[in-house]
Amino acid sequence: MFFEICTLFPSMFEGVFDDSIVKRSREKGLITIGITDIRDFAADRHRTADDYPYGGSAGMLLKPEPLAKAIRAGTAKHAQYNPKTILMTPQGEPLCHRVVEELQPEEALIIVCGRYKGIDERIRQHYIDREISIGDYVLSGGEIPAMVLIDAITRLLPEAIGCRDSAEKDSFYDGLLSPPQYTRPEEFEGLRVPEILLSGHHANIERWQKDQAQAITRKRRPDLWERYQHKDINTNDLP
Ligand code: SAH
């Protein structure tokens, strides 16, 4: 899978994809991450990529021309895979497990990171296939949201996680939060690992984990619990 990130801040991506699952997935050739610097497509010698908004509001906006050129260049790089263009924006649909699953079969994604007050609306109209938000708060730029999206998609790629089983036991996979987990030692600061996990009885352990997952989901996420009970984990009608 190819990810092409259009950004004004390429250096933010140094290091983040160099560890753990994402690093291994790159090494195995499961994913390739490219960076397109929007400033490379600016027309003037100051490499200006932002401008004042019409209507006199405060702040700056990403200018349409360099951004359009950057998106077109990113798209051309992966043209044979028919890439979709995703804009990271607080106005997008909330990112959740279902959205990650929907994007995972794509062969190439162009991910556009906004900055300042955002991007010119006409880019949205002409170039963007899907808009995604990572939550109801405003960050300074789309770079961290792009990292979140790439990490979440990569985790779900078959072969990305050594033992696929471990992704299936993560929160949201079956519509529930993950149950509590323990590692050695058996006793830590006066707290013992639940006896059942030491019993070696796999069927009982699984039942206990399922009960715990259900209890935690019911208590902490009544919205997820409601959908789980209706076996309707594919909808995303967040409050
Ligand atoms: N004026 C915009 C916010 C701009 S923040 C508004 O009120 O909606 C600058 C950029 O950061 C955005 O263009 C977007 O790319 C990114 N961004 C900020 N918060 C985000 C979020 N919650 N999810 C995804 N992207 C976000």
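The shown structure was predicted, so the numbers you read here are calculated from the model rather than taken from an experiment.

Regarding its fold elements, the protein presents 9 helices and 9 strands. In the protein, which comprises 239 residues, the proportion classed as buried is 39%. Contacts in the protein between residues at least 24 apart in sequence constitute 73% of all its contacts with a sequence separation of at least 6. Summed over all atoms, the accessible surface of the protein reaches about 14000 Å², with 50% contributed by carbon and sulfur. Here the protein contributes 31 positively and 38 negatively charged side chains, and the mean placements of these two sets differ by 1 Å.

Now for the site of the ligand. Looking at the ligand, there are 20 residues lining it, with Met88, Gln91, Gly114, Lys117 and Tyr137 nearest. Here an oxygen atom of the ligand and a backbone polar atom of Gly114 are 2.9 Å apart. At a separation of 2.9 Å, a nitrogen atom of the ligand approaches a polar backbone atom of Tyr137. Taken by itself the ligand offers 550 Å² of open surface, and the protein chains cover 86% of this.

This part is about the side chain of His78. Following the sequence through the fold, His78 ends up in the loop between α2 (64-77) and β5 (84-94). The exposure class assigned to His78 is buried, which follows from its relative accessible area of 6%.

Let us look at the side chain of Arg130. Note on placement: Arg130 falls in strand β7 (residues 130-133). A distance of 2.6 Å separates a polar atom in the side chain of Arg130 from a polar atom in the side chain of Glu102. If near-sequence neighbours (up to four positions away) are discounted, Arg130 is found in contact with Thr85, Ile86, Leu87, Glu93, Arg98, Val99, Glu102 and Leu103.

Looking now at the layout of surface pockets. Reported here for the second largest pocket is a volume of approximately 410 Å³. Around the second largest pocket, the lining is made up of 23 residues, and of these Met88, Thr89, Pro90, Gly118 and Leu139 lie nearest the centre. The set of elements that each furnish at least two residues to the lining of the second largest pocket consists of β5 and α4 (121-127). Per element, the largest residue contribution to the lining of the second largest pocket is 5 residues, and it comes from β5. Tallied by class, residues from the lining of the second largest pocket come to 10 nonpolar, 9 polar and 4 charged.

Basis of the calculations
Residues numbered from 1 in each chain as written. Predicted model: local features only at pLDDT ≥ 70, side-chain atom pairs only at ≥ 80, totals over all residues. Heavy atoms only, no water. Helix = DSSP H or I, 4+ residues; strand = E, 2+ residues; numbered from the N terminus. Buried < 20%, exposed > 50% of the residue type's maximum accessible area, 1.4 Å probe, protein only. Contact = heavy atoms within 4.5 Å. Areas by Shrake-Rupley, 256 points an atom, 1.4 Å probe, with all protein chains shown as cover. Lys, Arg positive; Asp, Glu negative; His and termini not counted. Charge placed at Lys NZ, Arg CZ, Asp CG, Glu CD. Near = heavy atom within 4 Å. Polar contact = N/O pair within 3.5 Å; in protein donor to acceptor, adjacent residues only side chain to side chain. 1 Å grid on protein atoms, 1.4 Å probe; cavity = no way out; pocket = protein on both sides within 12 Å on 5 of 7 lines; lining within 4 Å. Points joined across faces, edges and corners; volume = space filled by probe spheres on them. Nonpolar A, V, L, I, M, F, W, Y, C, P; charged D, E, K, R; others polar.

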